[in-house]
Amino acid sequence: MMDQHLSIVDWIGFIGLLAVILWSGARVASRESTFLVADRALGLFPLVATLVMTEFNTSTLLAFSAVGYRVGPMALALPLVFLIGLGFYTLTVARAWKRFDRLSVAELFAERYSRNLGVFASLMLLAAMSGFSATYVKSLGLIFQPMMPALPFPALTAILTLVVLVVMLRGGLASVVRSDVVSFVATLLLLPTLLVIGTMRSAALGGLATVFPRDQLTVAPLAQWTHPALPFWFVTSLIVLTCFTYIVAPWYGQKIFAAKDGRTAVLAVALSACLVFALYGSMVLAAAHLRVTNASLPDPQLAVPTMILQWLPPAVRGIGISLLFAAALTTLGGVWSAMAAMVAADFGWVSGRRVTVQRGLITGFAVASWLGAIFLVDDILNRLILANVPVAGLAFALLAGFHWPRATTTAAWASIIVGVAWGAGSFLVIGEAGGYTWIWAIYGVPLIFATGVLVSLVYPRHRSAGREAH
């Protein structure tokens, strides 16, 4: 059973690292150019740090580690999803987004197609990000609940959300980036340490082979990825969906806008893809080793806080928990910042006391995230995936907007409607138990693109009069 209490020394470590992270973010002044796009001057290291920490979030960390605990090393297929997905982003849109260089990714749809399409795309992305941020708040509460069992879950998540909000309101995106740099360095030091400790502890008890089949401990062929908790079709569908949703991700686009130039943006995303895979992979393997030393964990989603509390020495445990909080802080901050930028750019809120308005928007998004975490999120991974339905529908319009001048406004509308209808219909008709992600990804993505291409060719006269985004 996991020790549910931190010692005084642990709390000192927790408060110490958290104070450094918060101080780093609080040093930023709240200028308009800083609040949303960090002066468009980020170099390679801070951009890599903020991209990695944006993606390295507690929701995905808890979900992936839970699968690692259940199925073992084959769960490395899940971090592989991000390696391929972010690699696709690097090749297709990283440089294009920096050339576009606005405040919101939805501005592309307005300029390339029509104002109405831009507003609709913005609304869909805002809905998706509301779902993502609710899962982040939920996962943050799950991490801290074992250490504060007397505090009701709604109150705990409210306090944690408030802390994130206070940091975010100071300097916007620039605050997030500064906090990300500190968190990034600490993450690179801590997570490999957990993997080393887990490997040594499980080796003393016979290693992974005492829990998992031996054929999983070799380079398992694809045909062996058939564990009920990680079927091959599920991983394949996630790879497809990640490739065609991350290219539209507002939280990534906003940070690409903050890069100092296109070369920096491309290289940063490529490096981030490798680092995200390595960090999630180390925790998946560490969770597999935890199964050897603790086979009776009541909830696999608690694998990460369990490893920190059981394996790390005093003070370092507090640093580890603080680091998980920082990961949630920077991810939530990045998403809320992107949402505020979208409202400012896509709905005309660009005059007057702009920073004050953006702070109000971010506060509203924080409250909505907390409410979603309490009332809507049950299984973290499944809700993360479901929130991508409105994002995937934008894939054709986005890629064609950058790379195919013949794409028309009518085709963009048709592809989006088909994409959202197919994704939502797959979930409603087939459901999670029926494996809706396979039908959604393998049939839906080609259908989205086929619709867009066909309508563009059949109705060329409806080509957008807006400026091409190249």
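A. Examining the layout of surface pockets more closely. Taken as a whole, the second largest pocket spans an internal volume of roughly 250 Å³. As for the second largest pocket, its lining consists of 14 residues, and the residues nearest its centre are Ser-130, Gly-131, Ala-134, Leu-376 and Val-377. Taken together, the elements giving at least two residues each to the lining of the second largest pocket come down to α8 (115–144), α16 (354–375) and α17 (380–386). Among the elements that line the lining of the second largest pocket, the one with the most residues is α8, at six residues. In terms of residue class, the lining of the second largest pocket is made up of nine nonpolar, four polar and one charged.

B. Molecular detail of empty space enclosed by the protein. Per the counting criterion, the structure on display carries one cavity of 30 Å³ or more. Put simply, the largest cavity is a space of about 310 Å³. If you trace the largest cavity, you find 21 residues lining it, with Phe-82, Thr-242, Tyr-246, Leu-384 and Asn-388 closest to the centre. Breaking the lining of the largest cavity down by element, the ones donating at least two residues are α3 (44–55), α4 (58–71), α5 (77–92), α8, α11 (232–246) and α17. Class assignment for the residues of the lining of the largest cavity results in 14 nonpolar, six polar and one charged.

C. Highlighting the side chain of Glu-107. Considering the arrangement of structural elements, one finds Glu-107 in helix α7 (residues 106–112). Buried charge Glu-107 goes without a salt bridge, the closest partner of opposite sign being Arg-102 at 4.7 Å. Contacts of Glu-107, omitting those with residues within four sequence positions, involve Phe-100, Arg-102, Ala-345 and Asp-346.

D. Structural context of the pattern of salt bridges. Throughout the structure, instances matching the rule amount to four salt bridges. Across the pair Asp-10 and Arg-317 runs a salt bridge, and its minimum N-O distance is 2.7 Å. Taken together, the positions of Asp-10 in helix α1 (residues 8–26) and Arg-317 in helix α15 (residues 316–346) put the pair 307 residues apart, joining distant regions of the chain. You can call Asp-10 buried: its relative accessible area is 0%. The partner of Arg-102 in a salt bridge is Glu-111, and the shortest N-O contact between them spans 2.9 Å. Classification of Glu-111 as partly exposed rests on a relative accessible area of 22%.

E. Broad picture of the environment of Thr-363. Here Thr-363 lies in helix α16. Of the residues examined, Thr-363 reaches a relative accessible area of 30% and is grouped as partly exposed. Separated by 194 residues in the primary sequence, Thr-363 and Leu-169 have C-alpha atoms spaced 8.3 Å apart. Sequence-distant contacts of Thr-363, that is, excluding residues within four places in its chain, are made with Leu-165 and Leu-169.

F. Main features of α11. Taking 1.5 Å per residue as the helical rise, α11 with its 15 residues ought to reach 21 Å, and the 21 Å between its terminal C-alpha atoms agrees with that figure. When you tally the buried positions in α11, you get 13 out of 15 residues, the bulk of the element.

Conventions used here
Residue positions within a chain follow its written sequence, with the count starting from 1. With the structure being a predicted model, the display of local features is reserved for residues of pLDDT at least 70 and the display and counting of side-chain atom pairs for 80 or more, all residues being used for whole-chain, interface and lining totals. Water and hydrogen atoms play no part in the side-chain values, which are based on all heavy atoms of the structure. Put simply, the grid is 1 Å and covers the protein atoms alone, a cavity is a trapped set of points that fit a 1.4 Å probe, a pocket is an open set with protein on both sides within 12 Å along at least five of seven lines, and lining residues have an atom within 4 Å of a point. Grid points are joined across faces, edges and corners, and a volume is the space filled by probe spheres set on the points. Helix and strand definitions here come from DSSP, where helices need a minimum of 4 consecutive H or I residues and strands a minimum of 2 consecutive E residues; each element is numbered from the N-terminal end. Note on residue classes: Ala, Val, Leu, Ile, Met, Phe, Trp, Tyr, Cys and Pro are nonpolar, Asp, Glu, Lys and Arg are charged, and everything else, Gly too, is polar. A simple rule labels every residue: compare its accessible area, found with a 1.4 Å probe on the protein chains alone, to the largest value its type can have, and call it buried under 20%, exposed over 50%, or partly exposed in between. Positive charges come from Lys and Arg, negative ones from Asp and Glu, while His and the chain ends are left out of the count. For salt bridges, the criterion is a side-chain nitrogen of Lys or Arg within 4 Å of an Asp or Glu carboxyl oxygen. Note on contacts: a residue pair is in contact if any heavy atoms of the two residues lie within 4.5 Å. By this rule, a helix spans an expected 1.5 Å times one less than how many residues it contains.

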